[in-house]
Amino acid sequence: MAAAGLSKIKHVRAFTVRGGGADYHDQGEGHWIDNHIATPMARYPEYRQSRQSFGINVLGTLIVEIEAEDGTIGFAVTTGGEPAAFIVEKHLARFLEGRDPREVEKIWDQMYFSTQYYGRKGLVVNAISGVDLALWDLLGKLRGEPVYQMLGGAVRDELQFYATGARPDVAKELGFIGGKLPLHHGPAEGLEGLHKNIAELAEMRSRVGDDFWLMLDCWMSLDLDYATRLAHRAYDECGLKWIEEALSPDDYWAYAALKKNAPKGLLVTTGEHEATRWGFRMLMDMECCDIIQPDVGWCGGVTELIKIANYADSKGVMMIPHGSSVYSYHFVITRHNSPFAEFLMMHPGPTEVVPMFHPQLIGEPVPVNGRLHVSALDKPGFGVELNRELPMHRPYTH
Ligand SMILES: C[C@H](O)[C@H](O)CC(=O)C(=O)O
Ligand SMILES: [Mg+2]
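Basis of the calculations
- Residues numbered from 1 in each chain as written.
- Chains lettered and ligands numbered in written order.
- Predicted model: local features only at pLDDT ≥ 70, side-chain atom pairs only at ≥ 80, totals over all residues.
- Heavy atoms only, no water.
- UniProt positions renumbered as here; feature names shortened; annotations may be inferred.
- Domains from an automatic or database assignment.
- Contact = heavy atoms within 4.5 Å.
- Buried area = accessible area lost by both parts, 1.4 Å probe.
- Salt bridge = Lys/Arg side-chain N within 4 Å of Asp/Glu carboxyl O.
- Polar contact = N/O pair within 3.5 Å; in protein donor to acceptor, adjacent residues only side chain to side chain.
- Helix = DSSP H or I, 4+ residues; strand = E, 2+ residues; numbered from the N terminus.
- Nonpolar A, V, L, I, M, F, W, Y, C, P; charged D, E, K, R; others polar.
- Buried < 20%, exposed > 50% of the residue type's maximum accessible area, 1.4 Å probe, protein only.
- 1 Å grid on protein atoms, 1.4 Å probe; cavity = no way out; pocket = protein on both sides within 12 Å on 5 of 7 lines; lining within 4 Å.
- Points joined across faces, edges and corners; volume = space filled by probe spheres on them.
- Donors = N, O, S within 2.8 Å, 3.2 Å for Na, K, Ca; no water.
- Core = buried A, V, L, I, M, F, W, Y, C linked by side-chain atoms within 4.5 Å.

By the naming in an unreviewed UniProt entry, the chain is L-rhamnonate dehydratase, taken from Sphingomonas psychrotolerans. Its UniProt record, at the heading Function (unreviewed entry), says of the chain: "Catalyzes the dehydration of L-rhamnonate to 2-keto-3-deoxy-L-rhamnonate (KDR)." In its Subunit (unreviewed entry) section, the UniProt entry covering the chain states "Homooctamer; tetramer of dimers."

Spelled out as structure tokens, the structure:
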């Protein structure tokens, strides 16, 4: 039974919406995020130029709303679209309705183990993450507290960001501490592609100077041999800071080998497509990387991220969450082993700072001069509202 003053959960609803936002790959033509980026599908020439051509944006955004008996609504956005909406409405909602919203652990446990026979990673854990984030948002709104306060409070006054996008030189001018470039050419483009990758990085190094961090996001596109050669050349010739998600997320053995093969001083990072405490334990126990990068909207939500982050802390591994806007800001500010955060540049250029989940959230804070003061997070829940002017669709009910 809910304690006096805290409403029980009345109803869970799932919606879908298209056009950017949490499904940040769902952008219009000409956007930097869909311009010949190296992927595991780039071995097929017909899918090389555009990730949308092989369906990267096929799912769209999932919106989860949880309404309490007093009418308070918590919500969250993540990816997963219509199939995730089905899972939320037809399977997960039963573990919330009629419950005390403070039962986050029990609700998570029931969502995960009831779906384990067809879930464990990917879409199902995206759906669980969306529900979990909406639940934390509701709890914060019911208590009148920001999520970061419920997580133990801020350990510093501001967040510092690096920027992901095709223009680290602009990111530097905008005050970010570093810039992460997408890798453009994968192994199928041979030695010529490797030379082009290095030339692009060298050109960017010459624009940003010696001290600005430059990173490469390889989006699962490489094999171990290519990744090793790229790592050495990019570090030696261009002072690369880290090589990200170079390999398939399933190939823990290749990651462990890459970390051994990589030059000392270059960081190996991965994890945005990994999920749950068990997946991240594998990455850390097998010494696959120096930085883990869970996406809070995909790895199991805040309830699971607490466990992942604590394990990382105990192993001395840094945790820099992937993207995920306010959902990671509220977490990162509470952790010493997350000293900075990612900001995904969603401007098509990208030459301006625009909210990462634009246009889905109202009141979404953005870094100013590469920083965000904790006071920007001082609103109940995750501190944002849903833009209800968007054409939301509720494909299933229960
Ligand atoms: C730029 C990358 O290919 C991807 O779209 C985003 C990502 O992996 C990241 O922000 O990290
Ligand atoms: Mg990445």
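A.B. asks: I tried to follow the domain arrangement of the chain on my own but got confused; where do I start?
C.D. replies: Each assigned domain of the chain is listed with its residue range as follows: domain 1 (3-23 + 59-144) and domain 2 (150-379). Averaged C-alpha coordinates put domain 1 and domain 2 at centres separated by 26 Å. In this assembly, 27 residues from domain 1 lie in contact with 27 residues from domain 2. For the pair domain 1 and domain 2, the two sides together bury roughly 2000 Å², of which 60% comes from carbon and sulfur. Across the domain 1-domain 2 interface, the total number found is 2 salt bridges. The shortest N-O distance in the salt bridge between Glu 105 and Lys 307 comes to 2.9 Å. Seen at the junction of domain 1 and domain 2, the total is 17 residue pairs in polar contact (both at pLDDT 80 or more). Among the secondary structure elements, those contributing two or more residues to the side of domain 1 that touches domain 2 are strand S3 (73-79), helix H2 (104-115) and helix H3 (122-143). Here the element with the most residues in the side of domain 1 that touches domain 2 is H3; it accounts for 9 residues. Its residues placed into classes, the side of domain 1 that touches domain 2 shows 13 nonpolar, 9 polar and 5 charged.

A.B. asks: Help me understand the environment of Ala 202 in this model?
C.D. replies: Relative to the helices and strands, Ala 202 is located in helix H6 (residues 190-208). Given the relative accessible area of 32%, Ala 202 is considered partly exposed. Spatially, the C-alpha atoms of Ala 202 and Gly 119 are 42 Å apart, while their sequence positions differ by 83 residues.

A.B. asks: Would you explain empty space enclosed by the protein in this entry?
C.D. replies: A probe matching the size of a water molecule, rolled over the atoms, marks out where space remains unfilled. Inspection of every chain in the model, using the stated rule, returns 5 cavities of 30 Å³ or more. Computed from the structure, the largest cavity encloses a volume of approximately 150 Å³. Lining the largest cavity are 16 residues, and of these His 25, Arg 51, Thr 164, Asp 217 and Trp 219 lie nearest its centre. Residue assignment for the lining of the largest cavity shows that the elements contributing at least two residues are strand S5 (178-182) and strand S11 (341-344). With 3 residues, the top contributor of residues to the lining of the largest cavity is S5. Here the second largest cavity is characterised by a volume of approximately 70 Å³. For the second largest cavity, the lining is made up of 13 residues, of which Ala 22, Asp 295, Trp 298, Ser 324 and Phe 357 are closest to its centre. Its residues assigned to classes, the lining of the second largest cavity comprises 6 nonpolar, 6 polar and 1 charged.

A.B. asks: Explain the coordination of the magnesium ion (ligand 2) here, please?
C.D. replies: Six octahedral donors around a metal ideally subtend angles of 90 or 180 degrees, whereas four tetrahedral donors ideally subtend 109.5 degrees. Within the first shell, the magnesium ion (ligand 2) binds the protein through Asp 217 (OD), Glu 244 (OE) and Glu 272 (OE), at distances of 1.9 to 2.1 Å. In terms of primary sequence, the donors binding the magnesium ion (ligand 2) are separated according to D-x26-E-x27-E. Here Glu 244, found in strand S7 (residues 242-244), pairs with Glu 272, found in the loop between strand S8 (267-270) and helix H9 (276-285); they are 28 residues apart in sequence, far enough to count as distant. Summarising the burial analysis for this pair, Glu 244 and Glu 272 share the class buried.

A.B. asks: In this structure, what is going on with the nonpolar core? I would like to understand it.
C.D. replies: Within soluble globular proteins, side chains that are nonpolar tend to cluster in buried spots. Counting residues in each nonpolar core, the largest one holds 118 residues, and the members touching the most others are Ile 66, Leu 230 and Tyr 327. Both domains that meet at this core, namely domain 1 (3-23 + 59-144) and domain 2 (150-379), each give it at least three residues. When residues no more than four places from it in sequence are discounted, the contact partners of Ile 66 are Ile 9, His 11, Val 12, Thr 72, Ile 73, Gly 74, Leu 96, Val 131, Ala 134, Leu 135 and Leu 138. Residues Tyr 162, Trp 242, Ile 291 and Ile 320 belong to the second largest nonpolar core, which totals 7 residues.

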